[in-house]
Amino acid sequence: SKNFRAKIYNVAITNKQTMSPEASARRSLRSRKPCSYNVGDVVEFINSVGVSSTGSLVFKLTEDTPGNPSWLVTLVNTKCKDEEVFEKSFRRLIHKRTESS
């Protein structure tokens, strides 16, 4: 019983040492892989209500904010109005527009 408790204690201490606060902070501060978006790209994003949506980029609304420009996005497969979406709300690039498409 004592050996079992000692083993559990040692495992807990080892796990605590491997997950230091510095390690988790570094992981959370990693920036996303840079991705340049273009007109016609299809992206998944979080809309203003917090729901995941899919849309096609129509044009960039703000050129002056390089860190988080806003885009006019036409929603795919819906009859909803176009939305203004900030680039940081993009979750992933679904389809990259090519010159031929």
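Please read these numbers as outputs of a predicted model, since none were measured by experiment.

## Here we look at the side chain of serine 53
Note on placement: serine 53 falls in strand β2 (residues 52-60). For serine 53, the side chain forms a polar contact with the side chain of asparagine 47, separated by 3.3 Å.

## Considering the side chain of glutamate 44
Looking at where glutamate 44 falls in the secondary structure, it is placed in strand β1 (residues 42-46). When sequence neighbours within four positions are dropped, the list of residues in contact with glutamate 44 reads Ser52, Ser53, Thr54, Ser89, Phe90, Arg91, Arg92 and Ile94.

## A closer look at the sheet that holds strand β5 (residues 90-95)
Strand pairing in a sheet relies on backbone hydrogen bonds, with the paired strands running either antiparallel or parallel. With antiparallel pairing, five strands are arranged side by side in an open sheet as β4-β3-β2-β1-β5. Edge strands, defined here as strands with exactly one partner in the open sheet, are β4 (83-86) and β5. Each strand of the sheet is rotated relative to its neighbour by a mean of 45°, with strand direction disregarded. Of the pairings in the sheet, the one linking β1 to β5 comprises four bridges and is antiparallel in character. Bridged to phenylalanine 45 within β5 is phenylalanine 90.

## Some words on the nonpolar core
Tyr37, Val43, Phe45, Leu57, Trp71, Val73, Leu75, Val85 and Phe90 together form the largest nonpolar core, which totals nine residues. Sorting the residues of this core by element identifies β1 and β3 (70-75) as the ones contributing at least two each. The element that contributes the greatest number of residues to this core is β3, accounting for three residues. Ignoring sequence-local partners within four residues, the contact set of valine 43 consists of Tyr37, Ser53, Thr54, Gly55, Leu57, Phe90, Arg92, Leu93 and Ile94.

Rules behind the numbers
Position numbers for residues start from 1 in each chain and track the written sequence from start to end. With the structure being a predicted model, the display of local features is reserved for residues of pLDDT at least 70 and the display and counting of side-chain atom pairs for 80 or more, all residues being used for whole-chain, interface and lining totals. Values reported for side chains reflect all heavy atoms of the structure, with hydrogen atoms and water molecules removed beforehand. Per the convention used, a helix needs a DSSP run of H or I reaching at least four residues, while a strand needs a run of E reaching at least two, with both numbered from the N terminus. Pairs of N or O atoms are called polar contacts if they sit within 3.5 Å, as long as, within protein, a hydrogen donor faces a hydrogen acceptor (for residues adjacent in sequence, only side-chain-to-side-chain pairs). A contact between two residues is defined here by any heavy atoms of the two lying within 4.5 Å. For two strands to be treated as a pair, DSSP must find at least two bridges joining them. For helices, the axis comes from a line fit to the C-alpha atoms of the stretch in contact; other axes are also lines fit to C-alpha atoms, and the angle between any two N-to-C directions lies between 0 and 180 degrees. Each nonpolar core is a collection of buried residues, namely Ala, Val, Leu, Ile, Met, Phe, Trp, Tyr and Cys, held together in the definition by side-chain atoms within 4.5 Å. The buried label goes to any residue with under 20% of its type's maximum accessible area, the exposed label to any with over 50%, and the partly exposed label to all in between, with areas taken from a 1.4 Å probe on protein chains only.

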